[in-house]
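# Overview (structure and organization)
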Amino acid sequence: SECQLESKESSIYKEDMCTGDYLKNYQLVKQIGSGGFGCVYLAYGLMDSKLVVTKFIQKSKVYNDSWISTDDGHRLPNEIYILNRIQHDHIVNMIDFYENDIYFQLVMEKHGFGMDLFEFIEKTNGVPEPLGAYISKQLIEAVDYLHSHGILHRDIKDENVVLDDRFHAKLIDFGSATYLTDKPFKAFCGTFEYCSPEVLRGNPYRGPELEIWAIGVTIYVLVFGRNPFSGIEEILKNTLEFSDSASADLQYLLSGMMNRSVEDRFSLRDALRSKWLNQTVFLDNYDFYDICDLERSCVEFQNSRYILDEGPVISLATSTPYRKASDPAKKSLD
Ligand code: ADP
Ligand code: MG
Ligand code: MG
């Protein structure tokens, strides 16, 4: 089965990742996400029998300027340091971390069953505006919280938002996150499709204005099911275009968030006040499994089946028929 951990080669690799105290508490179930970069696994908590997600961060691959020294003399990647210090309803919750010589093992809550907005958009080809507003608002609240704590995410995009079957969204992947400073940043570290024109041109950037643009792109993709621009040239030159069916409120919001003039670009507060984000949404109108054309997804582990979209692990009779969430043919460049 796809869920088993076999293959000699990969099991040696996996042992490398897991060695240390991590193994006293967790057992790997299966790799999630399907990107080649992904060292992200679904794991089983031996203490509480709950499923969690573990991201294996190879120490040698963390950039020199992405480390923080803690008060007790520890060196931690920004990703762990920052995630450990924040708490928000729409940001993934870090449970613990471990380390061995080669890896950090970042243990997080499992949100939904590992479907990110990229996969969701692939399945839906864009969602109705009210549902799009409901999801987008959660993302903006998360980023507003980060900025108010002096933190930049710097890799906001559909892949880095996970969704559960109640359309509850959480921001993940703090691998590019950093603290805001007075000194502007020079290096861009996200994905070019989500990058603002002035930063693509190589201008130093403060941060929040870049994230607003990136959220604008994310909203555009979520609602229309396609990128607003199809290459760097277009990002630099083209004006934003909308389909005829796009509401005036949405066009107004996105034109503000993706304003080419940095001075005139909306702030997150402007966005949060917008009519489109504050529209009334009747969530009962939308069924996640209908919209995605999915069965409730399950995973097989140690002769039991577990529903992955419920909070606690539920063991099912082994005879229950099931279908796994299909792996999309991912993923964009990191
Ligand atoms: P990378 O830095 O390699 O992009 P991410 O942290 O973005 O790694 O995780 C890769 C993928 O794994 C995500 O796009 C998402 O599909 C899935 N994922 C990561 N963390 C979680 C989580 N806590 N709950 C559910 N799915 C997750
Ligand atoms: Mg990611
Ligand atoms: Mg990352």
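Residues numbered from 1 in each chain as written. Chains lettered and ligands numbered in written order. Predicted model: local features only at pLDDT ≥ 70, side-chain atom pairs only at ≥ 80, totals over all residues. Heavy atoms only, no water.

## Quick notes on the overall build of the chain
For the record, the criterion: Numbering of helices and strands runs from the N terminus; a helix is a DSSP stretch of H or I covering at least four residues, while a strand is a stretch of E covering at least two. Only heavy atoms matter for contacts: two residues are in contact if any of them lie within 4.5 Å across the pair. Note on areas: these come from Shrake-Rupley sampling with a 1.4 Å probe, and a residue is covered only by the protein chains present in the view.
Each helix and strand in the chain was counted, giving 11 helices and 14 strands. Of the contacts made within the chain by residues no fewer than 6 positions apart, 63% connect residues no fewer than 24 positions apart. Carbon and sulfur atoms make up 47% of the accessible area of the chain, which totals about 16300 Å².

## A few points about the coordination of the magnesium ion (ligand 3)
This is how it is decided: Counted as coordinating are nitrogen, oxygen and sulfur atoms within 2.8 Å of the metal, or 3.2 Å for Na, K and Ca, while water is not included, which may make sites look incomplete.
Distances from the magnesium ion (ligand 3) to its protein donors, D173 (OD) and D173 (OD), fall at 2.3 to 2.4 Å. The distance between the magnesium ion (ligand 3) and the magnesium ion (ligand 2) comes to 3.9 Å, and D173 binds to both of them.

## Concerning the pairing of strand β7 (residues 103-109)
Formally: Burial status follows relative accessibility: with a 1.4 Å probe on protein chains alone, a residue under 20% of its type maximum counts as buried, one over 50% as exposed, and anything between as partly exposed. Here, strands pair whenever DSSP counts at least two bridges between them.
When you tally the buried positions in β7, you get seven out of seven residues, the bulk of the element. In terms of strand pairing, strand β6 (residues 94-99) meets β7 through five bridges, oriented antiparallel. Residue F97 lies in a different strand from β7, and its bridge partner there is L106.

## Considerations on a negative patch on the surface
Spelled out, the test is: Each patch is assembled from residues with relative accessible area greater than 30% and no salt bridge, linking like charges that lie within 9 Å and nonpolar side chains (Val, Leu, Ile, Met, Phe, Trp, Tyr) that lie within 5 Å. Just to be clear on terms, a salt bridge is a Lys or Arg side-chain nitrogen sitting within 4 Å of an Asp or Glu carboxyl oxygen. Only four residue types enter the charge count: Lys and Arg as positive, Asp and Glu as negative, with His and the chain ends excluded. Where a charge lies is defined by one atom per residue type, namely NZ (Lys), CZ (Arg), CG (Asp) and CD (Glu).
On the surface, a cluster of negative charge is made up of D287, D290, D293 and E295. If you trace the backbone, D287 turns up in the loop between α10 (268-273) and α11 (288-292).

## A look at the site of ligand 1
Just so we agree on the cut-off: By convention in this text, a residue qualifies as near a molecule or strand provided that one of its non-hydrogen atoms is within 4 Å of it. Whenever a nitrogen or oxygen atom comes within 3.5 Å of another N or O atom, the pair is scored as a polar contact, on the condition that within protein one atom can donate a hydrogen and the other can accept it, and that pairs from neighbouring residues in sequence are kept only if both atoms are in side chains. Polarity classes work like this: nonpolar for Ala, Val, Leu, Ile, Met, Phe, Trp, Tyr, Cys and Pro, charged for Asp, Glu, Lys and Arg, and polar for all others, with Gly in that last group.
If you check the shell around ligand 1, you find 20 residues, and the closest are K55, E109, D116, E159 and D173. Within the side chain of K55, a nitrogen or oxygen atom sits 2.8 Å from an oxygen atom of ligand 1. Residue H111 places a main-chain N or O atom 3.2 Å away from a nitrogen atom belonging to ligand 1. Surface burial for ligand 1 is 92%, taken as the share of its 550 Å² of free accessible area covered by protein chains. For the shell around ligand 1, the secondary structure elements donating two or more residues are β3 (51-58) and β7. Its residues placed into classes, the shell around ligand 1 shows eight nonpolar, three polar and nine charged.

## Digging into the packing of aromatic side chains
Our working definition: Two rings belonging to Phe, Tyr or Trp (six-membered ring only in the last case) form a pair when the distance between their centres is within 6.5 Å. Interplanar angles under 30 degrees mark stacking, angles over 60 mark edge-to-face geometry, and anything in between is tilted. Cation placement over rings: the criterion is NZ of Lys or CZ of Arg within 6 Å of the ring centroid and within 35° of the ring normal.
Overall, the coordinates contain 19 aromatic pairs when judged by the stated rule. Here the aromatic rings of Y26 and Y98 are separated by 6.2 Å at their centres, their planes lie at 75°, and the arrangement is edge-to-face. In this pair, Y26 sits in strand β1 (residues 26-31) while Y98 sits in strand β6, placing the two residues 72 residues apart along the sequence. Summarising the burial analysis for this pair, Y26 and Y98 share the class buried. Taken together, Y22, Y26, Y41, F56, Y98 and Y103 form an aromatic cluster joined through their ring pairs. Of note, R75 hangs over the ring of W67, and the distance from its end group to the ring centre comes to 4.5 Å. Cation over ring: R85 sits above Y81, and NZ or CZ is 3.7 Å from the ring centre.

## Observations regarding the nonpolar core
Applied cut-off: We define the nonpolar core as a collection of buried residues of types Ala, Val, Leu, Ile, Met, Phe, Trp, Tyr and Cys that are connected through side-chain atoms lying within 4.5 Å of one another.
Formed by 82 residues in total, the largest nonpolar core has its most connected members in F120, I219 and F288. Here this core takes 11 residues from helix α7 (residues 208-224), the largest share from any one element. The contact partners of I219, leaving out residues within four places of it in the chain, are S136, I140, L250, L253, L254, M257 and W276. Residues Y22, C39, Y41 and A43 belong to the second largest nonpolar core, which totals 13 residues.

## Examining helix α9 (residues 248-257)
For clarity, the cut-off: The arc in question is formed by the directions pointing from the helix axis toward the C-beta atoms.
Along α9, the residues classified as buried are L250, L253, L254, G256 and M257. Looking straight down α9, one finds that the buried residues subtend no more than 160° of arc, so they occupy a single side. In this structure, α9 carries A248 and Y252 as exposed residues pointing more than 90 degrees from its buried face. Looking at the buried residues of α9, the elements they touch are α5 (129-148), α7 and α10.

## Quick notes on the environment of Y289
Here Y289 lies in helix α11. Placed 215 residues apart in sequence, Y289 and H74 show a C-alpha to C-alpha distance of 44 Å. Within polar-contact distance, the side chain of Y289 engages the side chain of D165 at 2.8 Å.

## Here we look at the packing of α5 against α7
Under the convention used in this document: Axes here mean lines fitted to C-alpha atoms, for a helix over just the part in contact, with angles spanning 0 to 180 degrees between N-to-C directions. For this classification, under 35 degrees means roughly parallel, over 145 means roughly antiparallel, 65 to 115 means roughly perpendicular, and everything else is oblique. Take the far helix as the reference: if the near one is turned anticlockwise from it by less than a right angle, the crossing is left-handed, and if turned clockwise, right-handed.
Packing of α5 against α7 brings their axes to within 10 Å, and their N-to-C directions diverge by 160°. By the angle class used here, α5 and α7 are roughly antiparallel. Crossing angle aside, the handedness with which α5 passes α7 is right-handed. Note on element contacts: α7 touches α5 through P208, E211, I215, T218, I219, L222 and V223, opposite E129, G132, I135, S136, L139, I140, V143 and H147. Across the contact of α5 with α7, the residue classes break down as nine nonpolar, four polar and two charged.

## Focus on unusual backbone geometry
Phi at N125 takes a positive value of approximately 60°, unusual for a residue other than glycine. Along the polypeptide, N125 turns up in the loop between α4 (117-124) and α5. N125 sits in the exposed class, given a relative accessible area of 57%. One non-glycine residue with positive phi stands out, namely R154, at about 70°.

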